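# Fold and geometry: a report
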Amino acid sequence: MTTENTQPRQPAKQGRDEPTIEVEPEPKAGAKPEPPSRPEPSAAPSRVGRAEAIIRRNVLWSLGAGAVPIPLVDAIAVTGVQMKMLSELSELYGVEFTKDIAQKLVTSLLSSLGGLTLGASIGSSVAKLIPGVGTALGIVTIPIFAGAFTLATGKVFMMHFESGGTLLNFDPVAMRAYFKREFERAKETVAEVREEAKSDERA
């Protein structure tokens, strides 16, 4: 007696497996799509960095003002640049700016350079009246002096403002030694800046 197999037959396997298609899940209702990632913005310049940029910009202006070929006019132009620089630094540090006070402080710092340095700068300015060599000497010497004086002045006031000082409590007598050191360093720095500016103009 033959017994029949009652189990259902399995379908025959095909020679190749069918490819599997992956289906991404649909977003849930009400879910907000995530925005694409954006690169983080670069950090803003620090206050010291902005102050140094102000000083450098006005040093370049002083170089141009010192090259004015007319005596006294060059000094007036340089003084105007320095007042502009101190006004910009005061605004950056939230310090009240008074032109009369600033001029007195800058004059006091200038006197700390000594009679020999001041005499040489005044002589170079007056030499611009002499055609030829005198004019050339004044145009070379005065811009370096003006730029170094502006750079040293900016550095001294930046340090003072960074420590929380104002124009009213600035002590030029106490700052004289530091200012003279900065002035001597600034003469070399300004000479390099001037050469770089000339190279950029020729390019």
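What counts, and at which threshold
- Residues numbered from 1 in each chain as written.
- Predicted model: local features only at pLDDT ≥ 70, side-chain atom pairs only at ≥ 80, totals over all residues.
- Heavy atoms only, no water.
- Core = buried A, V, L, I, M, F, W, Y, C linked by side-chain atoms within 4.5 Å.
- Buried < 20%, exposed > 50% of the residue type's maximum accessible area, 1.4 Å probe, protein only.
- Helix = DSSP H or I, 4+ residues; strand = E, 2+ residues; numbered from the N terminus.
- Contact = heavy atoms within 4.5 Å.
- Polar contact = N/O pair within 3.5 Å; in protein donor to acceptor, adjacent residues only side chain to side chain.
- Axes fitted to C-alpha atoms, helices over the stretch in contact; angles between N-to-C directions.
- Parallel < 35°, antiparallel > 145°, perpendicular 65-115°, else oblique.
- Nonpolar A, V, L, I, M, F, W, Y, C, P; charged D, E, K, R; others polar.
- Expected span 1.5 Å × (residues − 1).
- Left-handed = near helix turned anticlockwise from the far one by under 90°.
- Arc of directions from axis to C-beta.
- Phe/Tyr/Trp six-rings, centres within 6.5 Å; stacked < 30°, edge-to-face > 60°.
- Salt bridge = Lys/Arg side-chain N within 4 Å of Asp/Glu carboxyl O.

The subject of this paragraph is the nonpolar core. Ranked by size, the top nonpolar core spans 34 residues in total, and within it L86, L89 and F157 carry the most contacts. Broken down by secondary-structure element, the contributors of at least two residues to this core are helix 1 (47–66), helix 2 (73–93), helix 3 (99–111), helix 5 (133–162) and helix 6 (172–202). If one sorts the elements of this core by residue count, helix 5 sits on top with 10 residues. When near neighbours in sequence (up to four residues on either side) are disregarded, L89 contacts A51, I54, I55, G154 and F161.

Turning next to the environment of E184. Counting through the fold element by element, E184 comes out in helix 6. Classification of E184 by relative accessible area gives partly exposed; the value is 43%. Separated by 32 residues in sequence, E184 and A152 have C-alpha atoms that sit 8.5 Å apart. Looking at E184, its side chain comes within polar contact range of the side chain of K187, at 3.1 Å.

The description of two packed helices rests on the angle between their axes and on the distance between the axes. The geometry of helix 1 relative to helix 2 is characterised by a closest axis approach of 9 Å and an angle of 170° between their N-to-C directions. With respect to each other, helix 1 and helix 2 are oriented roughly antiparallel. In this structure, helix 1 uses R47, V48, R50, A51, I54, I55, R57, N58, W61, S62, A65 and G66 to contact helix 2, whose residues at the interface are D74, A77, V78, V81, K84, M85, E88, L89, L92 and Y93. Classifying every residue of the contact of helix 1 with helix 2 gives 13 nonpolar, 3 polar and 6 charged.

A few words now on helix 1. Between its first and last C-alpha, helix 1 extends 28 Å over 20 residues, near the 28 Å set by a 1.5 Å rise per residue. Within the sequence span of helix 1, burial applies to A51, I54, I55, N58, V59, S62, L63, A65 and G66.

Contact geometry for helix 2 and helix 3: axes closest at 10 Å, N-to-C directions at 115°. With respect to the hand of their crossing, helix 2 and helix 3 are arranged in right-handed fashion. Contacts between helix 2 and helix 3 involve T79, Q82, M83 and L86 from the first element and K99, A102, Q103 and V106 from the second. A class-by-class count of the residues in the contact of helix 2 with helix 3 yields 4 nonpolar, 3 polar and 1 charged.

End to end, helix 3 covers 18 Å across 13 residues, agreeing with the expected 18 Å (1.5 Å per residue, within 8%). Among the residues of helix 3, A102, L105, V106, S108 and L109 are the ones counted as buried. When helix 3 is viewed along its axis, its buried side chains cluster within an angular range of 155° and face the same direction. Of the residues in helix 3, the exposed ones pointing more than 90 degrees away from the buried face are D100, K104 and T107.

Another point: the packing of aromatic side chains. Aromatic rings considered in pairs are described by the distance between their centres and by the relative angle of their planes. By the definition in use, this model includes 6 aromatic pairs. For the pair F149 and F179, a centre-to-centre distance of 5.7 Å together with 85° between the ring planes defines the contact as edge-to-face. In this pair, F149 is assigned in helix 5 and F179 in helix 6, connecting sequence segments 30 residues apart. Take F149 and F179: they sit in the same class, and that class is buried. The structure contains a cluster of three or more aromatic residues connected by ring pairs, namely Y93, F157, F161 and F170.

Position of T150 among the secondary structure elements: in helix 5. From its side chain, T150 meets the backbone oxygen of A146 in a polar contact 2.8 Å long.

Turning to its location among the elements, T189 is positioned in helix 6. Sequence spacing of T189 and I144 is 45 residues, and the spatial spacing of their C-alpha atoms is 9.5 Å. Polar side-chain contacts of T189 include one of 3.3 Å to the backbone oxygen of R185.

With that settled, consider the pattern of salt bridges. Here the structure, examined in full by the defined rule, presents 6 salt bridges. Across the pair E162 and R47 runs a salt bridge, and its minimum N-O distance is 3.4 Å. On the criterion of sequence distance, the pair formed by E162 in helix 5 and R47 in helix 1 is long-range, its members being 115 residues apart. Exposure remark for R47: the relative accessible area of 35% places this residue in the partly exposed category. Here R185 and E182 are joined by a salt bridge, their closest N and O atoms 3.3 Å apart. Taken as a pair, R185 and E182 lie in helix 6 at a separation of 3 residues, close to a single helical turn. For E182, a relative accessible area of 11% gives the class buried.

These figures come from the coordinates and say nothing about function on their own.
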